Amino acid sequence: MSSEKSAKTIWLEQGLKILATQGPAALCIENLTATTGKTKGSFYHHFGSREKYIELLLEYHERTTIDEIIAFVRQENNPGAQLKRLTKLSYQISSDLELVIRAWALYDPMVRKFCDRVDKRRLEHVKNLHISSGLTADEAEVLSYRDYSLFLGLQQLRHHLNNTQLKRVLKGIYSGSL
C-alpha cells in the first residue's frame, strides 16, 4: 500500500469524526459522501451497507484504541514503564468519541456488545501489566478496575480540565500525593 490512506480508511476516519461531533444518527451515507468527497458507489463497494459500515467502524476504533496502543506500550521493557506509557496514551483517546459510543450502546445491542468487548480487553491488558509487576491476580484485578474506572470517570469530566490540569490530576492520582 502507498503512503496515502486507503479509501476505506478515509471512510472510517471520517465516520469517527462525524460520530464524535454529531452522533450516530449523522452516520448516514449522504453525510459521509458529502464529507469525504467520495461517491455512494465507493461506499457500497467498500462496505455493502450502513450496518456493515458501522460494524467495521467500531472494529477500526477498537484497533486504533487498543491494538495499536498495546503494541506501542509493549515497546517499553518493564511493566512500570508500560503502565506509565499506557496511561499517557489512554488520555489521548478522544473523550467525545468514547462518550458518544457509550451513549449509543445504551440503545443499540451491537454497539453494547462492542463496548463490552473493549472493556474486557482493556481491563485484561491492565490486569496483566499489574501481574507482570509482581502483584497477585486478585490484587491486579482490583487495580485494573480502579485504573479503568478512573479512565472512564475522567472521560466524563475531561471537558472541565485543560491539558495541564489533567496531567496534574493524573500525576496526583498515580503518585498518591496531592
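My aim in this report is to walk through the structure given alongside it, one point at a time. (Residues numbered from 1 in each chain as written. Predicted model: local features only at pLDDT ≥ 70, side-chain atom pairs only at ≥ 80, totals over all residues. Heavy atoms only, no water.)

Let's shift gears to the overall build of the protein. The number of helices and strands found in the protein is nine helices and zero strands. Secondary structure of the protein in N-to-C order comes out as α-α-α-α-α-α-α-α-α. Structurally, the protein occupies a C-alpha span of about 55 × 35 × 35 Å along its principal axes. For the protein, the residues scored as buried account for 40% of the 178 residues in total. Sequence separation of at least 24 residues holds for 59% of the intrachain contacts in the protein that already meet a minimum separation of 6. (Helix = DSSP H or I, 4+ residues; strand = E, 2+ residues; numbered from the N terminus. Buried < 20%, exposed > 50% of the residue type's maximum accessible area, 1.4 Å probe, protein only. Contact = heavy atoms within 4.5 Å.)

Turning our eyes to something else, we now look at the nonpolar core. Counting residues in each nonpolar core, the largest one holds 44 residues, and the members touching the most others are Leu19, Leu27, Tyr53 and Ile101. The element best represented in this core is helix α4 (residues 50-73), accounting for ten residues. Apart from residues lying up to four places away in sequence, Tyr53 is in contact with Trp11, Leu12, Gly15, Leu27, Leu32, Phe43 and Phe47. (Core = buried A, V, L, I, M, F, W, Y, C linked by side-chain atoms within 4.5 Å.)

Further remarks concern the packing of helix α7 (residues 109-132) against helix α8 (residues 137-157). Packing of α7 against α8 brings their axes to within 8 Å, and their N-to-C directions diverge by 130°. As summarised for this structure, α7 and α8 are arranged oblique, according to the angle between their axes. Crossing handedness for the pair α7 and α8: right-handed. Facing Val118, Asp119, Arg122, Leu123, Val126, Lys127, His130 and Ile131 of α7, the residues of α8 in contact are Ala137, Ala140, Glu141, Leu143, Ser144, Tyr145, Asp147, Tyr148 and Phe151. When its residues are assigned to classes, the contact of α7 with α8 shows ten nonpolar, two polar and five charged. (Axes fitted to C-alpha atoms, helices over the stretch in contact; angles between N-to-C directions. Parallel < 35°, antiparallel > 145°, perpendicular 65-115°, else oblique. Left-handed = near helix turned anticlockwise from the far one by under 90°. Nonpolar A, V, L, I, M, F, W, Y, C, P; charged D, E, K, R; others polar.)

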